[in-house]
Amino acid sequence: MDIREFGVEQWMNAHETSARWNLAETCCDSLTLAALLELAGPGAGSLNDLLALRLDYGEIAGSLRLRRAIAALYRTRRAEEVLVTHGTIGANALVHRTLVGPGDRVVSVVPTYQQHLSIPDSLGARVIPVALRPEDGWRLDLDALRAAVTPGTRLIALSNPNNPTGALLDEDTLGAIVAIARAAGAWILADEVYRGLDAVGEGQTASVTDLYEKGISTGGMSKAFSLAGLRLGWIAGPAEVLRAVSVHRDYDTISVGRIDDHFAAVALEAKDAILGRNLALSRRNRAILAGWIASEPRVGWVPPGGGTVALLAIAGMMDSARFCRELQERTGVMLLPGSLLGVEGTVRIGYACASDVLREGLARLSDHLAAGRA
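Calculation notes
- Residues numbered from 1 in each chain as written.
- Predicted model: local features only at pLDDT ≥ 70, side-chain atom pairs only at ≥ 80, totals over all residues.
- Heavy atoms only, no water.
- Helix = DSSP H or I, 4+ residues; strand = E, 2+ residues; numbered from the N terminus.
- Rg over C-alpha atoms; globule rule 2.2 N^0.38 Å.
- Buried < 20%, exposed > 50% of the residue type's maximum accessible area, 1.4 Å probe, protein only.
- Contact = heavy atoms within 4.5 Å.
- Axes fitted to C-alpha atoms, helices over the stretch in contact; angles between N-to-C directions.
- Parallel < 35°, antiparallel > 145°, perpendicular 65-115°, else oblique.
- Left-handed = near helix turned anticlockwise from the far one by under 90°.
- Nonpolar A, V, L, I, M, F, W, Y, C, P; charged D, E, K, R; others polar.
- Pairing = 2+ DSSP bridges.
- Core = buried A, V, L, I, M, F, W, Y, C linked by side-chain atoms within 4.5 Å.

Topic: the overall build of the protein
Per the secondary structure count, the protein includes 12 helices and 13 strands. Its C-alpha atoms give the protein a radius of gyration of 20 Å, within 12% of the compact-globule value 21 Å for 374 residues. By its C-alpha atoms, the protein is 55 × 55 × 40 Å across when sized along the principal axes. Residues counted as buried form 57% of the 374 residues belonging to the protein. Partitioning the contacts of the protein with sequence separation of at least 6, the portion at a separation of at least 24 is 73%.

Structure (structure tokens):
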């Protein structure tokens, strides 16, 4: 299989460990095991409970306890309609590899996480991008989507909330997307790893898998649940898809780690406490970021509707990769170049880190901009 280098992940690999003020991180401020158990409460047990855990493969699809906890995130899915994977990244890859083949038409809403472009392309599919535009407030143009999704389209791929813009598709818009997909007989793959962190309301937008008989949702423990180190994700969707996915999964996964499975179940059973913590953090930090942008005449944005990321447009910046390299070298602040996302002239910021890290990073970014660097 010939596939393009994964630009975002290559950049993170090269720069993340040396960053002093990491504003490229897209997860909510990570939890320690002690903090997880404290949020989960006394009923979650203790680390001593792990001593009796037998370190075999466990249940191949993921423990029933965990799959029940994942199913509870959806309105309509049962544990039997959930398959556990190595992170959301593993979930997305498995769905593409299962459903997409040479000559298939795949419509991908861009900008997006590169998986949803490069994997179907590597499988021989014809990938049709439908672009979100800043002048439209990063809102999806349903007419453009309708024109792209011709009869026989195999798959529509999107992220909601969107990575990297933070744009949010509400339930009415999702319903319109479902109608377009149904008319064409297309599957929808919705990467919902940032779900649960909406900017307003209760924080939890609708899931595609609850709205459409051919809707597949992926998620994981990293972004909204602050537990990227568990490397655990899932696919929620029709049983027929999960059976087909399992054929591919047997070749590269077998099962996830039993310790990861255990702590993911603990966290999801305490989802109200963890999502409450992270919803408050993301909204507080979004307000900090908005206040900073208001004070910086060279910086603009479309405020994100959810998630933990946003694109910042910096006036006069011609080379975002050079800007980010020089910024980190001189200040220790890490951002992600928009060029890696197909949106030159911007940088992606992850704003759900610890609030003091965000404040200090933004102050140093201000100093860098004040020095006339772009």
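Having put the structure on the table, let's press on.
Structural notes on the environment of Arg-133
Counting through the fold element by element, Arg-133 comes out in the loop between strand S4 (126–131) and helix H6 (142–148). A C-alpha to C-alpha distance of 28 Å links Arg-133 and Glu-326, two positions 193 residues apart in sequence. Aside from chain neighbours lying at most four places away, what touches Arg-133 is Trp-138, Arg-139 and Asp-141.

Quick word on helix H3 (residues 64–71)
Among all positions in H3, only Leu-66, Arg-67, Ala-69, Ile-70 and Ala-71 are buried. Buried residues belonging to H3 abut strand S2 (82–85), strand S8 (233–236) and helix H9 (258–269).

As for the packing of helix H10 (residues 271–294) against helix H12 (residues 355–370)
The contact between H10 and H12 brings their axes to 10 Å, and the two run at 15°. Taken together, the axes of H10 and H12 are roughly parallel relative to one another. Seen along the crossing, H10 lies across H12 with a hand that is right-handed. From H10, Leu-281, Arg-284, Asn-285, Ile-288, Leu-289 and Trp-292 reach across to H12, where they touch Ser-355, Leu-358, Arg-359, Leu-362, Leu-365, Ser-366 and Leu-369. Of the residues assigned to the contact of H10 with H12, the class counts are eight nonpolar, three polar and two charged.

A word on the pairing of strand S7 (residues 215–220)
Most of S7 sits inside the fold, with six of its six residues counted as buried. Alternating residues of S7 divide into Gly-215, Ser-217 and Gly-219 and Ile-216, Thr-218 and Gly-220, and every residue in both groups is buried. The pairing of strand S6 (residues 187–191) with S7 spans four bridges and is classified as parallel. Residue pairing for S7: Asp-191 is matched across the bridge by Thr-218.

Here we look at the environment of His-15
In this fold, His-15 is placed in helix H1 (residues 7–15). Since its relative accessible area comes to 18%, His-15 is described here as buried. Sequence separation between His-15 and Ala-224 is 209 residues; the distance between their C-alpha atoms is 23 Å. In this structure His-15 touches Arg-325, Gln-328 and Met-334, once residues within four positions along its chain are discounted.

Observations regarding the packing of helix H4 (residues 87–99) against helix H5 (residues 115–122)
Interaxial distance between H4 and H5 falls to 10 Å at its minimum, and their mutual angle equals 35°. Note that H4 runs across H5; the crossing there is right-handed. Facing H4, whose interface residues are Thr-88, Ile-89, Asn-92, Ala-93 and His-96, H5 presents Gln-115, His-116, Ile-119 and Pro-120. For the contact of H4 with H5, the residue count by class is four nonpolar, five polar and no charged.

Considering the pairing of strand S3 (residues 105–110)
Burial of S3 is extensive: six of the six residues sit out of reach of the surface. Residues Arg-105, Val-107 and Val-109 line one face of S3 and the alternating positions Val-106, Ser-108 and Val-110 line the opposite face, and both faces are buried. Both S3 and S4 contribute to a ladder of six bridges, which runs parallel. Counterpart to Arg-105 in the pairing with S4 is Arg-126. Pairing of S3 with strand S5 (residues 155–159), which is carried by three bridges, proceeds in the parallel orientation. Looking at the pairing, Val-106 lines up with Leu-155 of S5.

Some points on the nonpolar core
The biggest cluster of nonpolar side chains holds 64 residues, and the ones touching the most others in it are Leu-145, Ile-188, Trp-292, Phe-323 and Ile-349. The element contributing the most residues to this core is helix H7 (residues 171–184), with six residues. Excluding its chain neighbours within four sequence positions, the residues that come into contact with Ile-188 are Leu-155, Ile-156, Leu-158, Ile-177, Val-178, Ala-181, Val-208, Tyr-212, Lys-214, Gly-215 and Ile-216. Grouped together as the second largest cluster of nonpolar side chains are 35 residues, Ile-70, Leu-73, Ala-236 and Ile-274 included.

Some thoughts on the sheet that holds S5
The seven strands are arranged S2-S8-S7-S6-S5-S3-S4 in an open sheet whose pairing can be described as mixed. A strand with exactly one partner marks an edge of an open sheet, and here the two such strands are S2 and S4. With direction set aside, neighbouring strand axes in the sheet form an average angle of 20°. Packing of H4 onto the sheet brings it into contact with S2, S5, S6, S7 and S8, and relative to S7 it is tilted by some 155°. Along the sheet, H5 makes contact with S3, S4, S5 and S6, crossing S3 at roughly 160°.

With respect to the sheet that holds strand S10 (residues 309–314)
Taken in spatial order, the four strands of this open sheet run S9-S10-S13-S12, and their pairing is antiparallel. The sheet terminates laterally at strand S9 (299–301) and strand S12 (336–337), the two strands that pair on one side only. Strand direction decides the pairing type here: S10 and strand S13 (residues 346–350), joined by five bridges, are antiparallel. Across the sheet, the residue bridging to Leu-312 is Val-347, located in S13.

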